[in-house]
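# Working through the structure, step by step
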Amino acid sequence: MLPNRSRTSVLVFLLPPLLLYCAAVLFPILQSLFLSFFSWNGISDMEFVGLDNYVRMLTADDIFWRSFFNALLYLAICLVLQLGGALAVASLLTSLRRGRELIKTLYLLPAVISTVAIAFLFVRIYSIDPVGLLNQLLHWIGLGSFERAWLSDVNTVLAAVSAPEGWRFTGLYMLIIYAALIAVPKELEEAAVLDGASKWTLFTKIRFPYIRPVWITTTIMATTYGLRGFDIPYLMTNGGPGQSSELLTTYMYKTAFTSTDFGYASTISVFIVIECLVAVGLILFMLKRKADS
Amino acid sequence: MITQTAPATPPTAVVPPKPAITRRRRKPSLYRTLSRVLIMLIVIVQVYPLAWLFLTSLRTEHDFATGDPFALPSSLTWENYARAFETGDLGRNILNSFIVTMGANVLIVLFGMMAAYAIQVLGFRLSKFVRGLFLIGIIVPVQIALVPLFIDYSTVNLLDTYQSMIIPLAGFALPMSIYLFSSFFEYIPRETYEAASLDGAGPYRIFGLITLPLSLNTVVTVVLVNSIFIWNDFIFANTFVLSEDLKTIPLGLQNYIGAMGKVDWTATFAAVCVTITPLLLVFLVLNKAMIQGLESGATKG
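Residues numbered from 1 in each chain as written. Chains lettered and ligands numbered in written order. Predicted model: local features only at pLDDT ≥ 70, side-chain atom pairs only at ≥ 80, totals over all residues.

## Description of the overall build of chain B
The following threshold applies: Strands here mean DSSP runs of E at least two residues long; helices mean DSSP runs of H or I at least four residues long; both are numbered from the N terminus. Three exposure classes are used, based on other C-beta atoms lying within 10 Å of a residue's own C-beta, which is placed from the backbone: buried for 20 or more, exposed for 12 or fewer, and partly exposed in between. A pair of residues counts as a contact when their C-beta atoms, built from backbone coordinates, are within 7 Å of each other.
Looking only at helices and strands, one finds 15 helices and zero strands in chain B. The buried share of chain B, taken over its 301 residues, is 42%. If you take every contact in chain B between residues at least 6 apart in sequence, the share linking residues at least 24 apart comes to 78%.

## Re the nonpolar core
Our working definition: By our criterion, buried Ala, Val, Leu, Ile, Met, Phe, Trp, Tyr and Cys residues that link up through C-beta atoms within 7 Å make up a nonpolar core.
One finds Ile177 of chain A together with Ala170 of chain B to be the most contacted residues of the largest nonpolar core, which totals 162 residues. In terms of residue count, helix α5 (residues 90-122) of chain B provides more of this core than any other element does, 16 residues in total. Those residues in contact with Ala170 of chain B that sit more than four places away from it in its chain are Leu20 and Ala24 of chain A together with Ala104, Leu107 and Ile108 of chain B.

## Some remarks on the confidence of the model for chain B
The condition is simple: As a per-residue quantity, pLDDT reports the predictor's confidence and falls between 0 and 100.
This prediction gives chain B a mean pLDDT of 81; 87% of its residues lie at or above 70. Predicted complex metrics record ipTM = 0.86 and pTM = 0.85.

## Section: the environment of Met236 of chain A
All names here are of chain A. Here Met236 lies in helix α10 (residues 231-236). Take Met236: there are 22 C-beta atoms within 10 Å of it, and that puts it in the buried class. Considered as a pair, Met236 and Val161 are 75 residues apart in the sequence and their alpha carbons are 7.2 Å apart. Beyond its immediate stretch of four places on either side in the chain, Met236 contacts Ala119, Phe122, Val123, Leu151 and Val161.

## Here we look at the packing of helix α6 (residues 127-139) of chain B against helix α8 (residues 162-185) of chain B
Residue and element names in this part refer to chain B. Basically, it comes down to this: Throughout, an axis means a line fitted to C-alpha atoms (over the contacting stretch in the case of helices), and angles, computed between N-to-C directions, take values from 0 to 180 degrees. Angles below 35 degrees are treated as roughly parallel, those above 145 as roughly antiparallel, those between 65 and 115 as roughly perpendicular, and all remaining angles as oblique. Left-handed describes a crossing whose near helix is turned anticlockwise from the far helix through less than a right angle; right-handed describes the clockwise counterpart. Each residue is assigned to one class: nonpolar for Ala, Val, Leu, Ile, Met, Phe, Trp, Tyr, Cys and Pro, charged for Asp, Glu, Lys and Arg, and polar for all the others, Gly among them.
Between α6 and α8, the shortest axis-to-axis distance is 8 Å and the interhelical angle comes to 120 degrees. When the interaxial angle is binned, α6 and α8 end up oblique. As α6 packs across α8, the resulting crossing turns out to be left-handed. Here Phe134, Leu135, Gly137 and Ile138 of α6 come into contact with α8, specifically with Phe172, Leu174, Pro175, Met176 and Ile178. A breakdown of the residues in the contact of α6 with α8 according to their chemical character gives eight nonpolar, one polar and no charged.

## A look at the packing of helix α1 (residues 7-35) of chain A against helix α7 (residues 146-155) of chain B
At a closest axis distance of 8 Å, the pairing of α1 of chain A and α7 of chain B adopts a crossing angle of 95 degrees. The orientation of α1 of chain A with respect to α7 of chain B, classified from their angle, is roughly perpendicular. Packed against α1 of chain A, whose contacting residues are Pro28, Gln31, Ser32 and Leu35 of chain A, the element α7 of chain B presents Val147, Pro148 and Leu149 of chain B at the interface.

And the structure:
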């Protein structure tokens, strides 16, 4: 604590940021919680319905559950692409002698592009008429039978809208993991190599345990970002065809701003928050426990 | 037959080490070539779509509709760019994005610094609790704020303004900014503050004369990292802004989807190229600082 500080000086520095934060984040969270117990379309009077919204969501709403499982699959695809891809590329990059900076820059490029631009781009990549990049590629390598309109096929659309999100941010996570990997002490690695450790043991026994704290952070980041994924599915398919690429976030958005069912939309967004908190708790629980054993 | 002859001939006992050595020498280089090839492939996957985007923006419409998508354009044309500027108000969109990014960044940096100063340097009884409050904003998804803010904005007439985008963008970015500034302030030695205090400087002068000038590097980090997300924000702009005059780049690009979902693709791609250029240039010029910022933002978090 600074010796000459006064109570007012603390308030002068703390209040403005706290007010902004309350107005934009804390208060809306409480407001959502409050609204979730009401039925309201924004115009007529608010009607208190108790837990009705929650009961409806959990027991009577098929679209909700469909979106929930879609969101989990979306998350899984994003995590594999982002974390798996990031770890693989970061490891490969450490074995490279030159050009690391250039590759880092190139790899990060998609993260700078807006989601709207990415949605446009991928609509064309997946397109069948005129033939897009993906279908043309499949044709060339002799998998022509897989050619399809990826975004209108109910079996592929969810994967097709997840991939761009994974593609977009894998560079970001790669950077973070790479920074952690090159911080692994060289002596540790050299000692292990002298003891005859293979590349694989070197990775699982030395490198990975060493970067575990960073790995936990990146996993949490990627998971919370994956669970709030919205832009790309919303822009590319708007949840369709049918509900096959509907996520909780897009469903919430439509419930709020298309059906103007503010109460029910708040219930869904409260669920999304709980889901995020549970996910973070689970990750901490699993990864921390493994570290202890 | 072979098993019989092999042990019978003594010279072979001398030979085996040789292949072993070459194998050991070749193995890493094989590994290295493989990893190089893999990295090249992955970089192509990351970069080629963007290069393709640019090439397509230079294609003629006919070429785009009929040609092989991987082929180089048969002839280059700037016509798409002319059409892109006719269809949308790209200049206006870029200006709006710029205003929103600047406004949010000022709040994020100034308020982040102030809160970190109060929590980390001045210190007070509930500082741990306040720090915890700010942590919530890192985990909680932004979508939770959409409905409440929409309702609040409409009661205080803030819908369809720059502020309606700036406030939530700044609010949700504030926790990370506070975090980065706090962890930087830890490195400023206590003696510096104590000496200044003895010389009679109060908390305001210390903030202005010591803390602020010392943290310029962190300011750059915070601004760069946040700018990427704010410049590209879609969800807040899409929810709170309706009028053409206030549309930021992501919304402006949506105007290129015409009636019945018909899209003038080559012009759209030209517009995309125009709008990603400012941030792309900043990124390429400052990529060292930006990469460092992204790394530190997460490894400390």
